[in-house]
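These are the residues of each chain, in order.
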Amino acid sequence: MALPLLNTFAGNPLDRAGDFRNTPEWLVEQGESADALAMVFWEGQPLLEDHADGPRLAWLALTHARDVIRDADREVFLGLWKSAPVFAVEFEGPSDPAEGPIKGLGAFTGMREAAAVLSGAEAAMAGGAKSLFDWRRKHGFCANCGHETKSTAGGWRRVCPACTAEHFPRVDPVTIMLPVFEGRCLLGRQAAWPAGRMSALAGFLEPGETIEEACAREIKEEAGLTVTAVRYHSSQPWPFPSQLMIGLIAEVSDANATPDMTELEEVRWLTKDEARAVLAGAHEVKAPPKFAIARTLIQAWVDGFEVE
């Protein structure tokens, strides 16, 4: 059976070495390897360098990266590229390291901007690293007893030395869905978005809720529509900071959509020809960015993907 579509931030080419990274001695060996490489971040932004065929991730020898970071808690093990260990390190603070200790090696770029120019494999690796660093910054203290936690398993687990609780990176599931009815799809707009931007509807799953139930609840809450059928399309890791976007097409019972004026300030029905124009940049409605699964859902529906 063919693998599903790979959206941006999916398709990480690294062997995560999930079993081996739990062995401290093995991780030490990887860190001491002459082949060990590290991508570099500053406050969630990857370091990119220019190439003739476009920007790429800037890679440092791990020994060099450790010389400038000097903080083991800001280092994570990402996996193996063939037999070469791959790490990531992160600078923190207000001063741009590209103007200081790593001057001349590239420029730090916001992840959304980076996703628009990186290859699929590099975007996937960088997205995973960003999610780990975001989790580390927010979970430095034990949720059970409040004591400071320590990093282990190459940054994939934090352990509390006081109560022995173990904490793992979390991923928040989100349904993102395109409501459809009688040959039209519904897009919504949040007030904070750039002028003209509209997108699919989305919302977090709640405890005790299935994917289908969350889809139906969010569409009802945001647009006042009743879902009658749901079809899964694909999913996307979303490192802002760490969600799994579950892409759906949802048939609804009627076209009487009304924005809730809390999540959405506007909703609009589009025919397939109008949606094609949106995707082509030939419509007043601005499409979601190319790296977003929302755009993938619109394109899939235009191309004939329907709720069965």
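See the structure above.
These figures come from a predicted structure and were not determined experimentally. (Residues numbered from 1 in each chain as written. Predicted model: local features only at pLDDT ≥ 70, side-chain atom pairs only at ≥ 80, totals over all residues. Heavy atoms only, no water.)

Q: So what's going on with the pairing of strand β2 (residues 45-49)? Residues and values would help.
A: For strand β1 (residues 37-42) and β2, the ladder comprises 2 bridges, and the chain directions are antiparallel. Within β2, the position partnered with Phe41 by the bridge is Pro46. Linking two consecutive strands that pair antiparallel, namely β1 and β2, is a turn of 2 residues; a positive phi of about 50 degrees is found at Glu43 within it. Judged from the 2 bridges that link them, β2 and strand β7 (residues 107-108) form a sheet pairing that is antiparallel. Paired with Leu47 across the bridge in β7 is Phe108. When β2 meets strand β3 (residues 56-57), the two strands line up antiparallel, connected through 2 bridges. Bridging from a neighbouring strand, Leu48 pairs with Leu57 of β3. The hairpin turn running from β2 into β3, its antiparallel successor, is 6 residues long, and Gly54 in that turn takes a positive phi close to 120 degrees. (Pairing = 2+ DSSP bridges. Helix = DSSP H or I, 4+ residues; strand = E, 2+ residues; numbered from the N terminus.)

Q: Break down the sheet that holds strand β8 (residues 150-152) for me, citing the residues and quoting the values.
A: Spatially, 3 strands are ordered β8-β9-β10 in an open sheet, and the strand pairing comes out antiparallel. In this open sheet, the two strands that pair with only one neighbour each are β8 and β10 (166-167).

Q: For the packing of helix α6 (residues 272-279) against helix α7 (residues 293-302), give the residues involved together with the corresponding values.
A: Across the interface, α6 lies against α7 with an axial gap of 10 Å and an inter-helix angle of 140 degrees. Classified by the angle their axes make, α6 and α7 are oblique. The element α6 and its partner α7 pack so that their crossing is left-handed. Each of Lys272, Ala275, Arg276 and Leu279 in α6 lies in contact with α7, whose residues at this interface are Arg295, Ile298, Gln299, Trp301 and Val302. Grouping the amino acids of the contact of α6 with α7 by side-chain chemistry returns 5 nonpolar, 1 polar and 3 charged. (Axes fitted to C-alpha atoms, helices over the stretch in contact; angles between N-to-C directions. Parallel < 35°, antiparallel > 145°, perpendicular 65-115°, else oblique. Left-handed = near helix turned anticlockwise from the far one by under 90°. Contact = heavy atoms within 4.5 Å. Nonpolar A, V, L, I, M, F, W, Y, C, P; charged D, E, K, R; others polar.)

Q: Just give me the short version of the pattern of salt bridges, but keep the residues and values in it.
A: Under the defined criterion, the tally for this structure stands at 21 salt bridges. Among the salt bridges present, the one from Asp73 reaches Arg136, with a minimum N-O distance of 3.3 Å. Of the two residues, Asp73 is situated in the loop between α2 (62-69) and β5 (75-81) and Arg136 in helix α4 (residues 120-138); the sequence distance between them amounts to 63 residues. Relative accessible area serves as the criterion here: at 11%, Arg136 is assigned to the buried category. For Asp134, the salt bridge goes to Arg137, with nearest N and O atoms at 2.3 Å. With Asp134 and Arg137 both in helix α4, this residue pair falls 3 residues apart, about one helical turn. (Salt bridge = Lys/Arg side-chain N within 4 Å of Asp/Glu carboxyl O. Buried < 20%, exposed > 50% of the residue type's maximum accessible area, 1.4 Å probe, protein only.)

Q: Tell me about the side chain of Lys272, and name the residues and values.
A: Topologically, Lys272 is positioned in helix α6. One polar contact links the side chain of Lys272 to the main-chain carbonyl oxygen of Trp301, over a distance of 3.3 Å. Within the structure, the side chain of Lys272 is placed 2.9 Å from the side chain of Glu306, a separation counted as a polar contact. Apart from residues lying up to four places away in sequence, Lys272 is in contact with Gly183, Trp301, Val302, Gly304 and Glu306. (Polar contact = N/O pair within 3.5 Å; in protein donor to acceptor, adjacent residues only side chain to side chain.)

Q: Hey, could you go over the nonpolar core for me, with residue numbers and the actual values?
A: Membership of the largest hydrophobic core comes to 51 residues, with the highest contact counts inside it found for Phe9, Met39, Leu78, Leu178, Ile249 and Trp301. Ranked by residues supplied to this core, first place goes to α7 with 7 residues. With sequence-adjacent residues up to four places away left out, Phe9 is seen in contact with Met111, Ala115, Ala123, Ala124, Gly127, Gln236, Pro237, Trp238, Pro239, Phe240 and Phe291. Counting residues in hydrophobic clusters, the runner-up holds 21 residues, among them Ala17, Trp26, Leu27 and Ala65. (Core = buried A, V, L, I, M, F, W, Y, C linked by side-chain atoms within 4.5 Å.)

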